[in-house]
Amino acid sequence: MATFDPELRLVLSLAREAGAIALAYQTGGADVMQAQDKPDDAGPVTRADTEINARLVAALRAAFPGDAVVAEESADDAAAAADVSRCWYVDPIDGTAEYARGESCWAIQIGLCIGGEPVLGVVYEAGAARLSWGICTPDRREAFVVDDSGAATRCAPAVARSPSYAWSAA
């Protein structure tokens, strides 16, 4: 039975580090963020996106060398995911347009799938000082929201109308 505790500890730490980097860039203003448009109208990208992407990918690959890592700002990752059972998915800043405008509604997202099924996810809304995570396996189903004081609130499964799982604060 896999508990995913080592993975969770690492990813929570990585998300917090990434959030600190993103906030430092965001408070530095437009010149520091260096926002630009991606090719093919794929949306904006900032210096923070690319730096955080590189750091998260490197850390995950170092910690879990047998795992694939697919990250939004890494062009060549998707093909590698087809040949492994464990794959990490990274969005260094989800909501880059809002982030670049100085808003707080953006998040760092890191998730792990095994055999194509999501088993662990972390979302850090650094601008709102909110960290959420969940583990969903046959042996372990739990999710928490941690506020800026460090207090964790367990989320309870909500009534779902489909096979997917929804969560709400308990």
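Note that the structure is a prediction, hence the values are computed from the model and not measured. (Residues numbered from 1 in each chain as written. Predicted model: local features only at pLDDT ≥ 70, side-chain atom pairs only at ≥ 80, totals over all residues. Heavy atoms only, no water.)

Q: Can you help me understand the overall build of the protein in this one?
A: In terms of regular secondary structure, the protein is built from four helices and 10 strands. When its helices and strands are written in sequence order, the protein yields α-α-β-β-α-β-β-α-β-β-β-β-β-β. Counting the 170 residues in the protein, one finds 39% classified as buried. Partitioning the intrachain contacts of the protein with sequence separation of at least 6 by distance along the chain shows that 40% fall at a separation of at least 24. (Helix = DSSP H or I, 4+ residues; strand = E, 2+ residues; numbered from the N terminus. Buried < 20%, exposed > 50% of the residue type's maximum accessible area, 1.4 Å probe, protein only. Contact = heavy atoms within 4.5 Å.)

Q: I keep staring at the environment of Ile108 and nothing clicks. Help me out?
A: Here Ile108 is to be found in strand 5 (residues 107-114). Take Ile108: its relative accessible area is 0%, and that puts it in the buried class. C-alpha of Ile108 to C-alpha of Ala22: the two residues are 86 residues apart in sequence and 9.1 Å apart in space. Contact partners of Ile108, with chain neighbours within four places excluded, come to Ala15, Ala18, Gly19, Leu56, Asp91, Pro92, Val122, Val123 and Tyr124.

Q: Looking at this model, I keep getting lost on the pairing of strand 5. Mind explaining?
A: With respect to burial, strand 5 is a largely interior element, six of its eight residues being buried. Bridge count for strand 4 (residues 86-94) against strand 5 is seven bridges, and the pairing is antiparallel. Residue pairing across strands places Arg86 opposite Ile114, the latter belonging to strand 5. The pairing of strand 5 with strand 6 (residues 117-125) spans seven bridges and is classified as antiparallel. Along strand 6, the bridge assignment pairs Leu112 with Leu120. Two successive antiparallel strands, strand 5 and strand 6, enclose a turn made up of two residues, where Gly115 displays a positive phi of approximately 60°. (Pairing = 2+ DSSP bridges.)

Q: Whenever I open this one, the pairing of strand 7 (residues 130-136) confuses me. Can you help?
A: Along any regular strand the residues' side chains alternate between the sheet's two faces. Along strand 7, five of the seven residues are buried, which leaves the element largely enclosed by surrounding structure. Note that strand 6 and strand 7 share six bridges and pair antiparallel. Looking at the pairing, Glu125 lines up with Arg130 of strand 7. What sits between the antiparallel neighbours strand 6 and strand 7 is a turn of four residues, in which Ala129 has the positive phi angle 55°. Pairing of strand 7 with strand 8 (residues 141-146) involves six bridges; the strand directions are antiparallel. For Gly134, the partnering residue across the bridge sits in strand 8 and is Ala143.

Q: Is there a simple way to think about the packing of aromatic side chains in this case?
A: Inspection of every chain in the model, using the stated rule, returns three aromatic pairs. Taking NZ or CZ as reference, Arg86 lies 5.4 Å from the ring centre of Phe64, over its face. (Phe/Tyr/Trp six-rings, centres within 6.5 Å; stacked < 30°, edge-to-face > 60°. Lys NZ or Arg CZ within 6 Å of the ring centre and 35° of its normal.)

Shape is all these values report; function is a separate question.
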